[in-house]
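Here is how the chains run, residue by residue.
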Amino acid sequence: MTERSKEQKGRSEKEIVCVTSASLTGPGSAFITVNIDRAEISNIAQSYVYVEDPTITRVDPEWTIANGNTTLAVYGTGFLTIQEPRVRVKYKGAETSNTCSTHNDTLMLCQAPGIIATRRPVPESGEVPEEFGFILDNVQSLLSLNGTTFTYYPDPEFEPFGSTGVLEIKPGSPIILKGRNLIPGGSGNARLNFTVLIGDKACLLTVSEVQLLCDSPNLTGQHRVTIRVGGLEYSPGTLQIYTDSALSVTAIVGIGIGGGLLMMAIVMVLIAYKRKTRDADRTLKRLQLQMDNLESRVALECKEAFAELQTDIHELTNELDAVGIPFLDYKTYAIRVLFPGIEDHPVLKELDAPANVEKALRIFGQLLNNKVFLLTFVRTLEAQRSFSMRDRGNVASLVMTALQGKMQYATVVLKQLLSDLIEKNLENKNHPKLLLRRTESVAEKMLTNWFTFLLYRFLKECVGEPLFMLYCAIKQQMEKGPIDSITGEARYSLSEDKLIRQQIDYKMLTLTCVCPENENENSTQIPVKVLNCDTITQVKDKLLDAIYKGVPYSQRPKAEDMDLEWRQSRGSRLILQDEDVTTKIEYDWKRLNTLSHYQVTDGSAVALVPKQISAYNIANSFTFTRSLSRYESMLRTASSPDSMRSRVPMITPDQETGTKLWHLVRNHDHTDQKEGDRGSKMVSEIYLTRLLATKGTLQKFLDDLFETVFSTAHRGSALPLAIKYMFDFLDEQADQQLITDPDVRHTWKSNCLPLRFWVNVIKNPQFVFDIHKSSITDACLSVVAQTFMDSCSTSEHRLGKDSPSNKLLYAKDIPNYKTWVERYYRDISKMTAISDQDMDAYLAEQSRLHANDFNTLSALNELYFYINKYRDEILTALERDAYARKHRLWQKLEQVVNLMAGTS
């Protein structure tokens with residue numbers, strides 16, 4: 001092989017300098033041939049060797065500041081063959097470069113190039129240039145590195161020393177240099193190399209995000225302060241360091257007199273202190289005794305409450321053996337999770353549509369079963385700015401409903417969308433731990449729905465029992481103490497926001513209730529425990545719970561449809577109501593009637609009878625319904641415990657009567673609340689003990705639920721295939737994206753299953769069971785759900801006096817729960833991978849079981865709304881796709897649109 005010189009670089013009488021051309025055959029030896037005019041010199045004894053082009057594997061750190069000139073360590077191979085290595089960047093169309101020095105064949109040290117300033121400064125979150133690479137002689141492949149994440153952050157800035165530019169300090173005092181952008185957002189373990197000179201002497205630095213702390217050198221007088229970083233040089237001003245001056249004779253005399261007076265004062269203080277110490281010791285002993293008594297009282301209350309609750313739960317368990325847990329059927333359960341708040345969804349009904357519409361929907365269904373069409377449809381919708389979060393969730397639920405009978409295909413599509421979501425998350429430089437945290441895409445809601453479909457059997461056979469027992473335990477424990485029917489606050493609570501913060505005097509009453517469906521003289525009377533401070537509606541609810549134990553909530557009579565009748569001696573009967581002519585009104589406050597208001601005694605006989613229709617009842621019912629309408633819906637919606645108090649409604653005066661309703665506490669209107677309005681307020685240390693007592697009472701039930709969820713084999717049930725399959729898929733995606741951080745993988749799994757499915761079920765047991773969830777029960781379940789998620793987190797929870805009480809409440813338990821979660825994930829990863837054949841068979845079986853639960857045409861009809869709304873965008877996307885053009889998918893969609901419009 002011969003190589004000819006490409007370009008003459010220089011010459012003299014005894015030598016010429018040439019630039020070699022590129023090798024035509026790759027690495028290896030080559031002969032040198034030189035052409036001088038018409039002469040050809042080819043008998044040069046020295047051989048020439050081509051080696052492999054250099055490669056670059058890593059740049060550390062992958063960031064710099066806008067000015068550049070920070071040191072970059074570049075790792076790769078073949079660096080020693082490069083004569084003049086340089087690093088380059090292209091930003092906003094302008095290209096700059098900087099020098100590199102070769103350390104050895106695998107390491108270069110480069111000075112990062114700066115970027116030319118534009119009108120828009122570099123954002124604090126950083127900005128990635130169009131190109132970043134290296135000029136290594138003539139190696140073209142490294143001019144721009146593919147997939148680089150090299151980021152530019154704003155230059156550090158510093159504040160001047162006031163308006164005068166002079167800072168006065170004493171010798172040895174630290175110097176604080178305030179600034180911003182001192183620690184770039186993507187710095188990782190690397191930091192900017194700051195140098196601070198006081199005059200010409202450097203000082204020892206401590207760097208934080210907003211300041212440099214400099215230990216001043218042993219100097220006096222005026223010295224200019226200079227800050228150097230990345231080729232930049234700042235001077236915030238001049239430092240004036242004063243010398244320590246000697247004291248005058250007058251000052252020494254004054255100090256002596258002052259010292260004498262101070263000694264006399266100290267002696268007097270010591271005498272007084274000795275007397276006070278004796279008093280303080282007595283006070284301390286008294287306080288210690290009070291604290292011991294308080295601790296004993298809390299422990300006793302917790303022990304008694306737990307023993308009483310265990311008795312109630314034991315009775316409940318015995319009854320469950322006979323009637324069973326009131327699980328919702330699959331169809332109702334799925335609808336409540338997929339379409340919360342819409343009980344009578346169109347997908348539950350047959351679609352009554354003309355022939356042309358039915359034909360169009362069947363063609364649309366065929367298109368939906370085409371993977372390219374479905375993926376294009378979803379991606380196009382998500383690219384539209386008007387496609388809201390609500391729309392994303394709705395589309396995901398409708399797609400999964402339409403594909404209920406084809407779970408294998410739905411799983412393939414879901415995996416592709418999740419893979420796209422992971423890729424997009426990493427491309428946008430989002431932190432990997434944010435993946436799947438919020439429902440911001442169709443894929444995330446589809447994942448929730450996928451688990452919803454596939455974990456129903458696991459819920460019924462395994463997790464349902466401890467979840468239902470926890471719900472029952474919370475409900476029964478809350479109802480043992482007063483609950484304000486207006487605000488939802490209670491004496492017993494896990495949520496500080498829903499805790500009654502004053503002392504409520506109440507007594508336990510046992511009423512004998514006649515069953516409303518068997519009211520003859522020989523009928524059995526059921527004893528029911530109530531509180532004398534309960535409103536009439538609360539009493540009716542407790543009576544219905546006792547009478548219809550084990551009966552699903554939807555099959556019971558409702559409290560608003562029944563009247564409470566107090567059967568007194570001598571055959572007299574009195575209808576009790578929340579509001580009537582006897583209701584007490586004080587100033588502009590109207591208090592709801594309670595058993596105490598009617599002076600109902602222990603052992604009284606009562607009955608629930610169908611509501612009597614009379615002019616009196618209609619008038620009172622209308623007044624009360626109108627009064628409640630302002631807050632009833634707000635109390636019954638699921639809310640976050642942290643925002644519960646802020647969501648307590650403001651009770652405005654009734655327009656006709658000018659009164660506001662209250663039950664136990666008048667704390668609705670904070671704007672005009674005066675000190676003492678709520679009676680005897682309890683200091684936080686006192687009322688927070690109730691949280692501890694409630695926590696201790698419910699601890700066993702919460703532990704049972706967590707242990708069941710975080711076990712690979714518990715209660716005789718094996719781990720569902722869906723969990724193992726999805727966890728393995730996430731691990732595969734992490735491997736493909738070269739994510740080795742175990743915390744990221746842990747967080748993906750926690751966001752995938754505990755956050756997207758289990759938290760939803762724990763906060764909303766009414767999605768699984770036929771029950772009613774009250775406001776106080778919801779608040780407690782929200783605390784349980786928050787504890788559940790904290791247990792899945794990998795970050796350390798630093799607690800302080802300002803930390804939310806629900807985090808403080810379970811602070812000692814969460815580390816133990818975290819070990820359960822880590823063991824659970826570890827055990828799943830060690831399990832044998834599920835083969836595609838086994839998973840396909842499992843999905844096919846699930847499809848067969850529930851293929852007819854939802855009406856596919858109705859789901860397609862609901863989904864067509866989005867086709868109609870974004871028709872042009874979807875058609876354009878199909879025309880751009882080669883596969884869609886080849887299979888004429890856009891024409892089939894136009895056929896659907898025309899048929900739906902009634903045209904040919």
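Since this is a predicted model, take the numbers as computed values, not measurements.

Here is what the cut-offs are and how they apply
Residues numbered from 1 in each chain as written. Predicted model: local features only at pLDDT ≥ 70, side-chain atom pairs only at ≥ 80, totals over all residues. Heavy atoms only, no water. pLDDT = per-residue confidence, 0-100. Helix = DSSP H or I, 4+ residues; strand = E, 2+ residues; numbered from the N terminus. Contact = heavy atoms within 4.5 Å. Patch = residues over 30% accessible without salt bridge, like charges linked within 9 Å, V, L, I, M, F, W, Y side chains within 5 Å. Areas by Shrake-Rupley, 256 points an atom, 1.4 Å probe, with all protein chains shown as cover. Salt bridge = Lys/Arg side-chain N within 4 Å of Asp/Glu carboxyl O. Buried < 20%, exposed > 50% of the residue type's maximum accessible area, 1.4 Å probe, protein only. Disulfide = S-S within 2.5 Å. Pairing = 2+ DSSP bridges. Axes fitted to C-alpha atoms, helices over the stretch in contact; angles between N-to-C directions. Core = buried A, V, L, I, M, F, W, Y, C linked by side-chain atoms within 4.5 Å. Arc of directions from axis to C-beta. Polar contact = N/O pair within 3.5 Å; in protein donor to acceptor, adjacent residues only side chain to side chain.

Trainee: Before we move on, can you summarise the confidence of the model for the protein with the specific residues and values?
Mentor: Mean pLDDT over the protein stands at 82; residues scoring 70 or higher make up 83%. When pLDDT is averaged over each helix and strand of the protein, the minimum, 37, is found for helix H13 (residues 644-647) and the maximum, 94, for strand E12 (residues 107-111). Per-residue pLDDT stays below 50 along residues 1-8; that stretch engages in 30 contacts with residues further than four places along the chain or on separate chains. Low pLDDT (under 50) marks residues 614-652, which in the prediction has 80 contacts with non-local residues, meaning those over four places away or in another chain.

Trainee: Help me get a handle on a nonpolar patch on the surface, residues and values and all.
Mentor: On the surface, Val 253, Ile 257, Leu 261 and Met 264 cluster together into a nonpolar patch covering about 420 Å² of accessible area. According to the relative accessible area criterion, Ile 257 is exposed, its value standing at 54%.

Trainee: Tell me about the state of the cysteines, and name the residues and values.
Mentor: As enumerated under the stated definition, the model contains two disulfides in all. The disulfide that involves Cys 100 links it to Cys 110, with 2.1 Å between the sulfurs. Disulfide Cys 100 to Cys 110: torsion about the S-S bond roughly 110°, handedness right-handed. Placement of the pair is Cys 100 in strand E11 (residues 94-104) and Cys 110 in strand E12, with a sequence separation of 10 residues.

Trainee: Can you break down the sheet that holds strand E24 (residues 508-514) residue by residue, with the values?
Mentor: The five strands lie next to each other as E25-E24-E30-E26-E27, forming an open sheet whose pairing is mixed. Of all the strands in the sheet, just strand E25 (525-531) and strand E27 (573-576) have a single pairing partner and so form its edges. Between one strand axis and the next, the sheet turns through 40° on average, direction left out of account. The pairing of strand E26 (residues 562-567) with E27 spans four bridges and is antiparallel. From the neighbouring strand, Leu 564 faces E27, where its bridge partner is Leu 576. Each of E24, E25, E26, E27 and strand E30 (605-610) touches helix H9 (residues 536-547); the most contacted strand, E25, lies at about 140° to it.

Trainee: Break down the nonpolar core for me, citing the residues and quoting the values.
Mentor: Counting residues in hydrophobic clusters, the biggest one holds 140 residues, and the most contacted among them are Tyr 333, Phe 373, Phe 377, Trp 450, Phe 451, Trp 758 and Phe 788. The element contributing the most residues to this core is helix H8 (residues 456-479), with 14 residues. Beyond its immediate chain neighbours, meaning those up to four positions away, Trp 758 contacts Leu 455, Phe 458, Leu 459, Val 463, Val 709, Leu 753 and Phe 788. Of all hydrophobic cores here, the second largest spans 24 residues; its members include Val 87, Ala 112, Ile 115 and Phe 150.

Trainee: Could you give me a rundown of helix H22 (residues 871-880), with the residues and numbers involved?
Mentor: Along an α-helix, a turn takes 3.6 residues, which lines up residues three or four apart on a common side. Taken together, the buried positions of H22 are occupied by Ile 874, Leu 875 and Leu 878. For H22, the buried positions fall inside an angular range of 100° around the axis, keeping them on one side. In this structure, H22 carries Asp 872 and Arg 880 as exposed residues pointing more than 90 degrees from its buried face. Taken together, the buried residues of H22 touch helix H4 (371-382), helix H21 (856-869), helix H23 (882-886) and helix H24 (889-901).

Trainee: Go over the sheet that holds strand E16 (residues 166-169) with me, naming the residues and quoting the values.
Mentor: Strand order in the open sheet formed by five strands is E16-E23-E22-E18-E19, with mixed pairing between adjacent strands. Sheet topology places E16 and strand E19 (201-202) at the edges, where each strand pairs with a single neighbour. The sheet contact formed by strand E18 (residues 195-198) and E19 spans two bridges and is antiparallel. Bridging across to E19, Leu 197 finds its partner in Ala 202.

Trainee: Give me the side chain of Asn 855: which residues, what numbers.
Mentor: Looking at the element boundaries, Asn 855 is found in the loop between helix H20 (836-850) and H21. Look at Asn 855 and you get buried, because its relative accessible area is 12%. Within polar-contact distance, the side chain of Asn 855 engages the backbone nitrogen of Leu 857 at 3.2 Å. Look past the residues within four positions of Asn 855 in its chain and what remains in contact with it is Val 347, Lys 349, Glu 350 and Leu 351.

Trainee: I'd like to hear about the pattern of salt bridges, residue by residue, with values.
Mentor: Taken as a whole and judged by the stated rule, the model has 31 salt bridges. Notably, a salt bridge pairs Glu 461 with Arg 457, separated by 2.9 Å at the nearest N-O pair. One end of the pair, Glu 461, and the other, Arg 457, are both in helix H8, four residues apart, so they sit about a helical turn from each other. By relative accessible area, which is 47% here, Glu 461 ends up partly exposed. With its nearest N and O atoms 3.3 Å apart, the salt bridge here joins Lys 611 to Asp 563. In this pair, Lys 611 is assigned in the loop between E30 and helix H11 (615-628) and Asp 563 in strand E26, connecting sequence segments 48 residues apart. On the basis of relative accessible area, Asp 563 is assigned to the buried category, the value being 1%. The structure contains a network of salt bridges with shared partners spanning Lys 475, Glu 479, Asp 545 and Arg 556.

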